[in-house]
Amino acid sequence: MQTIETIKEILNENLDIAPETVTADSTFESLGIDSLDMVELVCEIENRFDIEFGEPEGLDTVGKLCAYIEGLK
């Protein structure tokens, strides 16, 4: 499964965000994701992708998040 598809699945399961509303250009702000949601999201990403997320800066879109995850694999 592509990274963005997994992210859409995680957003849907954890935050009830419809997958069809998520694109690579979607900002987390536009999706209504606050800092608390982001912590939950990062934990689930670490579990799903079996990675250590770290503390990246400047990840404000789904596309940037996917590129960061791809770089950790």
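Residues numbered from 1 in each chain as written. Predicted model: local features only at pLDDT ≥ 70, side-chain atom pairs only at ≥ 80, totals over all residues. Heavy atoms only, no water.

**Student:** Would you mind showing me how to read the nonpolar core here?
**Tutor:** Within soluble globular proteins, side chains that are nonpolar tend to cluster in buried spots. Counting 21 residues, the largest nonpolar core has Ile-7, Leu-11, Ile-33, Ile-45, Val-62 and Ile-69 as its most contacted members. For this core, the elements supplying multiple residues, two or more each, are helix H1 (3–15), helix H2 (35–49) and helix H3 (62–72). Non-local contacts of Ile-7, meaning those with residues more than four positions away in its chain, are made with Ile-45, Phe-49, Val-62, Leu-65, Cys-66 and Ile-69. (Core = buried A, V, L, I, M, F, W, Y, C linked by side-chain atoms within 4.5 Å. Buried < 20%, exposed > 50% of the residue type's maximum accessible area, 1.4 Å probe, protein only. Helix = DSSP H or I, 4+ residues; strand = E, 2+ residues; numbered from the N terminus. Contact = heavy atoms within 4.5 Å.)

**Student:** Quick question: what am I supposed to make of H3 here?
**Tutor:** Note: α-helices contain 3.6 residues per turn, so residues at a spacing of three or four share the same orientation. Restricting attention to buried positions, one finds in H3 the residues Val-62, Leu-65, Cys-66 and Ile-69. Each buried residue of H3 lies within a common arc of 100° when the element is viewed along its axis, so the set occupies one face. Along H3, the residues that are exposed and aim more than 90 degrees away from the buried face are Ala-67 and Gly-71. The secondary structure elements touched by the buried residues of H3 are H1 and H2. (Arc of directions from axis to C-beta.)

**Student:** Before we go on, may I ask you to explain the side chain of Thr-3 in this structure?
**Tutor:** Among the secondary structure elements, Thr-3 is positioned in helix H1. Overall, the relative accessible area of 5% leaves Thr-3 in the buried class. Non-local contacts of Thr-3, meaning those with residues more than four positions away in its chain, are made with Phe-49, Cys-66, Ile-69, Glu-70 and Lys-73.

**Student:** What is the right way to look at the side chain of Lys-8 in this model?
**Tutor:** As for its placement among the helices and strands, Lys-8 is situated in helix H1. The class of Lys-8 is buried, set by a relative accessible area of 16%. Among all residues touching Lys-8, those that are not within four sequence positions of it are Pro-19 and Val-22.

**Student:** What am I meant to see in the pattern of salt bridges here?
**Tutor:** Any two side chains of opposite charge can pair, given that their charged atoms come close. All told, the structure shown has 5 salt bridges when counted by the stated rule. Notably, a salt bridge pairs Glu-9 with Arg-48, separated by 2.8 Å at the nearest N-O pair. On the criterion of sequence distance, the pair formed by Glu-9 in helix H1 and Arg-48 in helix H2 is long-range, its members being 39 residues apart. By relative accessible area, which is 30% here, Glu-9 ends up partly exposed. Put simply, Arg-48 and Glu-13 hold a salt bridge, and the shortest N to O gap is 2.3 Å. Here Arg-48, found in helix H2, pairs with Glu-13, found in helix H1; they are 35 residues apart in sequence, far enough to count as distant. Using a relative accessible area of 32% as the deciding quantity, one classes Arg-48 as partly exposed. Note on Glu-13: relative accessible area 48%, which makes it partly exposed. (Salt bridge = Lys/Arg side-chain N within 4 Å of Asp/Glu carboxyl O.)

So, to be careful, I would describe these as geometric facts and stop short of saying anything about function.
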